[in-house]
Amino acid sequence: MSDEIRPAVADDTPAVRAVTEAAYHRYIERIGVVPVPVEADHAANVAAGRVFVTGTPVVGVLVLVPEADHLFLESIAVHPDAHGTGIGRRLLRFVETYAAERGLGEIRLYTNALMWENQKLYTRYGYELMERRADGPYDRLHYRKRLTG
């Protein structure tokens, strides 16, 4: 499997969809709704240059949205078959490098309040909880990480 993290191309769209669905599937019953990344327009995100992938076949997916003053980490997904292999850690490091290269000193993201595994992960990697906010059927915890340097 390739360790490279690269921009997704149109041919990657089915794999982006499959990895995202596999990664978020376990949360559907727990949170009672389909997570937003599963229903995203993957082809449009790939075409817009927002999606990055790793692995051959693809096992890790990032969706990144640069904003004026921060980088929004819209989605991070690792196929369940690749859990525990360090892919998530590599993807999170890539996000920091990507933000820094664009002069963005902060990364923001949110996760569902019932996705407690993510809360532990983000805290471990230096993200701080900013607020809890309901958005329609979603109970979200908003995090940020300020980059130093």
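All values reported here derive from a predicted model rather than from experimental measurement. (Residues numbered from 1 in each chain as written. Predicted model: local features only at pLDDT ≥ 70, side-chain atom pairs only at ≥ 80, totals over all residues. Heavy atoms only, no water.)

1. Regarding the pattern of salt bridges
Part 1 of the reasoning: Enumeration over the complete set of coordinates arrives at 12 salt bridges.
Part 2 of the reasoning: A salt bridge links glutamate 106 to arginine 146; the nearest nitrogen and oxygen atoms lie 3.5 Å apart. Of this pair, glutamate 106 sits in strand S5 (residues 106-112) while arginine 146 sits in strand S7 (residues 138-146), and the two are 40 residues apart along the sequence.
Part 3 of the reasoning: Judged by relative accessible area, which is 9%, glutamate 106 ranks as buried.
Part 4 of the reasoning: Among the charged side chains, a salt-bridge network with shared partners connects Asp69, Glu106, Arg108 and Arg146. (Salt bridge = Lys/Arg side-chain N within 4 Å of Asp/Glu carboxyl O. Helix = DSSP H or I, 4+ residues; strand = E, 2+ residues; numbered from the N terminus. Buried < 20%, exposed > 50% of the residue type's maximum accessible area, 1.4 Å probe, protein only.)

2. Quick notes on helix H1 (residues 13-31)
Part 1 of the reasoning: Compared with an ideal rise of 1.5 Å per residue, which puts 19 residues at 27 Å, H1 spans 26 Å between its outermost C-alpha atoms and is within 8% of the ideal.
Part 2 of the reasoning: The largest bend along H1 measures about 45 degrees and falls at tyrosine 24.
Part 3 of the reasoning: Among the residues making up H1, those that are buried are Thr13, Val16, Val19, Thr20, Ala23, Tyr24, Tyr27 and Ile31.
Part 4 of the reasoning: Turning to H1, the residues buried within the fold contact helix H2 (42-47), strand S2 (51-54), strand S3 (60-66), strand S4 (71-78), S5 and helix H4 (116-124).
Part 5 of the reasoning: Directly beyond the C-terminal end of H1, a positive phi value near 80 degrees is found at glycine 32. (Expected span 1.5 Å × (residues − 1). Bend = angle between axes of the 7 residues up to and from the residue. Contact = heavy atoms within 4.5 Å.)

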